[in-house]
Amino acid sequence: ASHNPPGYNGFKIKSDYGGSAEKAITDAVEARIGKSPVRRGSPAANIERRDLNVAYLEKLKSYLNLEAIRNSPYRILVDSMHGVGARHIEKILAGGKVRVTTIRGDRDITFGGYAPEPIPKNLVPSIEIMKRNEYDLCVTTDGDADRVGAIRPGGDFVSPGTILSLILLHMAQDLKKTGSVVTTVSNTALIYRVANKLGLKVHETPIGFKYVCDLMRRENVLIGGEESGGIGFQDYLYERDGMLSGLLLMEMMAMRKQTFEQILQGVENEFGKLYYVRSDVDYPNDLKPKLFEALAKKPDFDLKGHELKDIKTQDGVKYVLDDDSWLLFRLSGTEPILRIYSEASSQALAEDLVRQGKNFAFGLA
């Protein structure tokens, strides 16, 4: 179910390689829907109970330089959002100099009244704590702990694309790993800037980790992820892992002997600071085809002196400007809403592009 409203619930199918099932499998399952009567009865006798955390946590720990993290002087806040991340990070790092404090680490089937998605509107408790400047980093994980969020000292949310870019630098520069990079169409241009500096190839896919997974199975991918905070890693599962993502940020801090703020400021100084805005709006079904027909005709948006460099249509319609700023329109794959995204070199431009996008979309009525 993830964080989607109950009316848009569904099933996720994972395959034997540990990642999202390929289209041939999901198509075969869908073709069987309604073809046989529902069987009733208690399956309790056929259930095998096993603690899968044991093997999982051992694998997780083996991927990291745990001693470096444990012996670092940092203060880490972990917000598990009442999900399965629980207090695992705190327990993994116990016994060293690093100080880890967990909030919302207990099980709560209402998730404390927030949707368990690591975006700013759901992270009010941890953002308020980070405003006090008592911690060097806050790592957040969603309900099933496959996605990551981060909050810097002072309380500003760090976008998942920035997190991916930081871990990419860490894996290539500190851990001396190599491979290609996979990103989705709604992710930050920072990933391209970092990959270009490292001399690494970048693949851009439609939104959905199944597309990232597919590339990870077919070639040597160092890191791949989506704008929503799901990141996968070389020599690991073909799947996202929010706890590992957060621990890799801590490992980067420990190996570089820098605070998270120092690392972020260094990246912003070298690659530039980008500002991200997203708006999700209910949009009439009858206008959807009309909208994308109109977008294909290059509407006359005010680009504030920038030139239109490219139009991408692999998932929605994305306008890319000459300074890597962009505006994207796409329909949600799980809810009946229109998503309008933008990233720009200033907060004002990003907000203005989204405002223009909304005005254009609803002006077609």
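Described in the following lines is the structure provided in the data block. Predicted model, so just to flag it, every value in this text is computed and none were measured.

Time to look at the pattern of salt bridges. Here the structure, examined in full by the defined rule, presents 30 salt bridges. A salt bridge links Arg147 to Glu117; the shortest N-O distance between them is 3.8 Å. Linking Arg147 in the loop between strand E3 (137-141) and strand E4 (148-151) with Glu117 in the loop between strand E2 (99-103) and helix H5 (124-130), this pair joins segments that are 30 residues apart in sequence. For the pair formed by Arg147 and Glu117, the shared burial category is buried. Among the ionic pairs, Arg240 bridges to Asp146, the shortest N-O distance being 2.8 Å. Of this pair, Arg240 sits in the loop between strand E9 (231-233) and helix H9 (242-256) while Asp146 sits in the loop between E3 and E4; the two residues are 94 residues apart in sequence, bridging distant segments of the chain. One network of salt bridges, in which partners are shared, links Lys14, Asp146, Glu226, Glu239 and Arg240.

With mixed pairing, four strands are arranged side by side in an open sheet as E7-E6-E8-E9. In this open sheet, the two edge strands, each paired with only one partner strand, are strand E7 (202-205) and E9. Pairwise comparison of adjacent strand axes, ignoring direction, gives a mean angle of 15° for this sheet. Inspection of the sheet shows strand E6 (residues 180-184) paired to E7 by four bridges, in the parallel sense. The residue bridging Val181 from the neighbouring strand is Val202, located in E7.

Summarising the element assignment, Asp323 is placed in the loop between strand E12 (317-321) and strand E13 (326-331). Not counting the four nearest positions on each side in its chain, Asp323 is found in contact with Arg193, His306 and Ser345.

A word on the nonpolar core. Of all hydrophobic cores here, the largest spans 53 residues; its most connected members are Ile76, Leu93, Leu137, Ile223, Phe233, Met250 and Phe260. Top element by residues in this core is H9. It accounts for eight residues. Beyond its immediate stretch of four places on either side in the chain, Leu93 contacts Leu66, Ile69, Arg70, Val98, Val100, Leu247 and Met250. In terms of nonpolar packing, the next biggest core, distinct from the first, is built from 24 residues, Phe292, Phe301, Leu303 and Tyr319 among them.

Contact geometry for helix H6 (residues 160-174) and helix H10 (residues 260-271): axes closest at 11 Å, N-to-C directions at 95°. Looking at the two axes, H6 sits roughly perpendicular to H10. Taken together, the residues of H10 that come into contact with H6 (itself represented by Thr162, Leu166 and Leu169) are Phe260, Ile263, Leu264, Val267 and Phe271.

Its place among the elements puts Lys97 in the loop between helix H4 (88-92) and E2. Taking C-alpha positions, Lys97 is 10.0 Å from Ala68, a pair spaced 29 residues apart along the chain. In this structure, Lys97 is in contact with Arg70, Asn71 and Ser72, ignoring residues within four places of it in sequence.

The rules behind these values
- Residues numbered from 1 in each chain as written.
- Predicted model: local features only at pLDDT ≥ 70, side-chain atom pairs only at ≥ 80, totals over all residues.
- Heavy atoms only, no water.
- Salt bridge = Lys/Arg side-chain N within 4 Å of Asp/Glu carboxyl O.
- Helix = DSSP H or I, 4+ residues; strand = E, 2+ residues; numbered from the N terminus.
- Buried < 20%, exposed > 50% of the residue type's maximum accessible area, 1.4 Å probe, protein only.
- Pairing = 2+ DSSP bridges.
- Axes fitted to C-alpha atoms, helices over the stretch in contact; angles between N-to-C directions.
- Contact = heavy atoms within 4.5 Å.
- Core = buried A, V, L, I, M, F, W, Y, C linked by side-chain atoms within 4.5 Å.
- Parallel < 35°, antiparallel > 145°, perpendicular 65-115°, else oblique.

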